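Survey of secondary and tertiary structure
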Amino acid sequence: MRLNKLVMSVAALAVVSSGLYAGKSSMDVEKAFERECQGCHGPNLEGGVGSDLRPAVTKNKNSQVLADIIINGAPGTAMPPFPSYSKEDADKMVDYIQHFKGKAMKQLTLETVTAGWKTLNDRAAFFKKYPQAADVKKNTDICFVTERDAERVAFLDGTNGKILSKHPAGFAVHVTVTNKRQPRYAYSISRSGLVTMFDLNTPGQQKIAEVQVGTDSRGLAVSPDGKFLMAGNYVPGGAILLDAMTLEPLKVYPTSSVIKPNGDIGSSRVAGIFDTPYGPYIAFALKDGGRVYIIDYSKPGYPIVGDIPNIGDILHDGFLNEGKEIGRYLFIASQGSDVVGVVDFKTKSLVTKIYTGPGSKPHPGQGSSWYSNKLDSQLGATVNMNVGQVTIWDDNFDVIRQIPVSGGGLFIGTSEHTPFLWADNVLGGPDVWNEIHLIHKEHLEVDRIIKVGTTQGTVTNPVTKKVLYKWKVPTVKDKNGKVIVPRILHAEPANHGYWTMISEWNAGRIGIYEAKTGKFVKYITGLTTPTFTYSIEHRQTIPGA
């Protein structure tokens, strides 16, 4: 359900029932649910980030109200409107949900994944022909941009904002990563299960290979030695280990039968994938299994050497600690239990759970880890999807601040070049989803607020209300001529730390800001729903990113 189709409020659905006939809709409702909804609500409607939609829950609810929620969204939640759906489409989707019969889950096999592997260009020939980057001064100057609704990735020069190339890369490209050992190689994974490998040194950043790992996928990580790539599937559930130089499938780790936190045995989706410099490990989170597996890629057969259970319900994304013993701890969000689990790669155990607050649904995205001189402590932070707050903890894993922001968020980022944490409010309403809160990393208070209006942008001191900077914003209209309030998210450092890049998802552009001040610099335009921006240079030193 587009970028923002993330959560359907149980409270919004708590209504009484009547039947509904699907009418004249020609929509392939099963395919639409698979592409748009199952990532949050589960392939068998069992829920996850989104609500449980199984007939036992929804059959007695008012069908007209459910259809209205699909079309208009649920205020106060992350369930967005679907204005492209006709009333007949929405009716048909509700009918599908309320009469869902269940479906058999496919088993992840090495043979199936291998059948979807293709070599597209000669990597060795490119390696010899292009020892240096052809389109930029250094390949680490390049940034990935996922153009979600265009089903492609774009590459741009992170030092000047010039778009270098665009490539089809599957439905709703979700994650991009780089090979830290050989940064000329970068990878993407789409929600439709397509993994693509690119050579950034070639003119136009050519594709090297691709592999279809599943039909619904999310996570991706490269081992620090540059030899292995791991992908994670929602459907069929499991993780896939690939050769990072060729994308040849090496091993699959099916998760079709795991013990869930409630004691049931069933299939689990695989959410986040995390590499670490702390050891020869890649970890993957079992979203429905409430556990993390750790594999050792240095051993024959790439065995699972760690199984950390009881982290919580509905595991999602996460990040690793920086500073002392970099990469030792994985902070993994449990959105069903409102905690961030702390997994220790050294002991292969769960150290503790960081409680983020009732109904918060933590979503750290790339997360933030930084050293506070004032507190003499390595700190970590996450935004929360359902509550407008940033949760900060210290190196004892104790929560030391809950900082109010305007709305629920998806991403919080920082770097050594900025004094701020940059937290989005993209899951708030249209009156706040155009804000980024800049939290001072020492004072741990909101220091300034970036707000992108329809005609003007401002950077404001939230205490004095003084406008520090302002700029003219080009007005954008939708296909019906209605003015769009920019929905902004995901702050990413670029240009050797001088810039922070912020995606304006519905406005088709990226805003560039000074990292030290938040002052607006310029726009990169000509993009379609830019979502995730990924600086190769910045990610070189970030563990697990």
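Computed from a predicted structure; not experimentally measured. Every chain is numbered on its own, with residues counted from 1 as its sequence reads. Thresholds applied to this predicted model are a pLDDT of at least 70 for local features of residues and 80 or more for the giving and counting of side-chain atom pairs; totals over whole chains, interfaces and linings are not thresholded and use all residues. Computation of side-chain values covers all heavy atoms of the structure but excludes hydrogens and water.

Focus: the sheet that holds strand β35 (residues 509–514)
For two strands to count as paired, DSSP must find a minimum of two bridges between them. Numbering of helices and strands starts at the N terminus; helices are DSSP runs of H or I of at least 4 residues and strands are runs of E of at least 2. Taken together, four strands build an open sheet; the order of strands is β33-β34-β35-β36 and the sheet is antiparallel. Each end of this open sheet is capped by a strand with a single partner; those strands are β33 (488–494) and β36 (520–524). Direction aside, the axes of adjacent strands within the sheet are offset by 25° on average. Pairing analysis gives six bridges linking strand β34 (residues 499–504) to β35, with the strands arranged antiparallel. The residue of β35 that forms the bridge with Ile-502 is Gly-511. Angles shown run from 0 to 180 degrees and are taken between the N-to-C directions of axes, each axis being a line fitted to C-alpha atoms and, for helices, limited to the stretch in contact.

A closer look at the sheet that holds strand β23 (residues 368–372)
Strand order in the open sheet formed by four strands is β23-β24-β25-β26, with antiparallel pairing between adjacent strands. The open sheet has two edge strands, β23 and β26 (399–404), and neither has a second partner. The average undirected angle you get between the axes of adjacent strands in this sheet is 25°.

Section: empty space enclosed by the protein
A 1.4 Å probe that fits but cannot get out identifies a cavity on a 1 Å grid over protein atoms alone, an open set with protein on both sides within 12 Å along at least five of seven lines counts as a pocket, and a residue lines either if it has an atom within 4 Å of a point. Grid points are joined across faces, edges and corners, and a volume is the space filled by probe spheres set on the points. Under the defined criterion, the tally for this structure stands at two cavities of 30 Å³ or more. Within this model, the second largest cavity holds a volume of roughly 30 Å³. Lining the second largest cavity are Thr-140, Asp-141, Cys-143, Gly-158, Thr-159, Ala-494, Asn-495, His-496, Ser-535 and Glu-537.

Observations concerning the packing of helix α5 (residues 63–72) against helix α6 (residues 87–98)
Across the interface, α5 lies against α6 with an axial gap of 9 Å and an inter-helix angle of 120°. Comparing their axes, α6 and α5 come out oblique. Remark: the crossing between α5 and α6 carries right-handed chirality. Of the residues in α6, those touching α5 at Ser-63, Gln-64, Leu-66, Ala-67, Ile-70 and Ile-71 are Lys-87, Ala-90, Asp-91, Met-93, Val-94 and Gln-98. In the contact of α5 with α6, the residues fall into seven nonpolar, three polar and two charged. To sort the angles, those under 35 degrees are grouped as roughly parallel, those over 145 as roughly antiparallel, those from 65 to 115 as roughly perpendicular, and the leftovers as oblique. Each helix crossing is assigned a hand: it is left-handed if the near helix lies turned anticlockwise from the far helix by less than a right angle, otherwise right-handed if that turn is clockwise. When checking whether two residues touch, look at their non-hydrogen atoms; a contact exists if any pair is within 4.5 Å. Just so you know the grouping, Ala, Val, Leu, Ile, Met, Phe, Trp, Tyr, Cys and Pro go in nonpolar, Asp, Glu, Lys and Arg go in charged, and all remaining residues, Gly too, go in polar.

Some remarks on α6
Along an α-helix, residues three or four apart share an orientation, since each turn contains 3.6 residues. Across its 12 residues, α6 extends 16 Å between first and last C-alpha, which sits within 8% of the 16 Å expected from 1.5 Å per residue. We call a residue buried when its accessible area falls under 20% of the maximum for its residue type, exposed when it is over 50%, and partly exposed in between, using a 1.4 Å probe and counting protein chains only. Turning to α6, its buried residues number three or more, namely Asp-89, Ala-90, Asp-91, Met-93, Val-94, Tyr-96, Ile-97 and Gln-98. Each residue after the first adds 1.5 Å to the expected span of a helix.

A short note on the nonpolar core
What we call a nonpolar core is a set of buried Ala, Val, Leu, Ile, Met, Phe, Trp, Tyr and Cys residues that are connected through their side-chain atoms within 4.5 Å. Ranked by internal contacts, the top residues of the largest apolar core, which has 47 residues, are Tyr-187, Val-195, Leu-220, Leu-229 and Leu-247. The dominant element in this core, judged by the number of residues it contributes, is strand β6 (residues 185–190), at four residues. The next biggest cluster of nonpolar side chains, apart from the first, holds 21 residues, and it includes Val-29, Ile-70, Ile-97 and Phe-100.

Description of the packing of aromatic side chains
Between rings of Phe, Tyr and Trp, where Trp is taken as its six-membered ring, a pair exists when centres lie within 6.5 Å; planes separated by under 30 degrees are stacked, by over 60 edge-to-face, and by other angles tilted. The full count for this structure, using the stated rule, is 22 aromatic pairs. Their ring planes at 45° and their centres at 5.4 Å tell us that Phe-228 and Tyr-297 sit as a pair that is tilted. Of this pair, Phe-228 sits in strand β10 (residues 228–235) while Tyr-297 sits in the loop between β17 (291–296) and β18 (304–308), placing them 69 residues apart in sequence. The burial state of Phe-228 is the same as that of Tyr-297; both residues are buried. Consider the rings of Tyr-329 and Phe-397, whose centres lie 5.2 Å apart with planes at 70°: the pair is edge-to-face. One end of the pair, Tyr-329, is in strand β20 (residues 329–334); the other, Phe-397, is in the loop between β25 (389–393) and β26, and 68 residues separate them in sequence. There is no split in this pair, since Tyr-329 and Phe-397 are both buried. Among the aromatic side chains, those forming a connected cluster through ring pairs are Phe-144, Phe-155, Phe-198, Phe-411, Phe-532 and Tyr-534. Only when the NZ atom of a Lys or the CZ atom of an Arg is both within 6 Å of the ring centre and within 35 degrees of the ring normal do we say a charge sits over the ring. Its end group placed over the ring of Tyr-234, Arg-269 keeps NZ or CZ at 5.5 Å from the ring centre. The residue whose ring lies beneath Arg-509 is Tyr-523, and the NZ or CZ to ring-centre distance is 4.4 Å.

Purely spatial values, then, with no claim about function.
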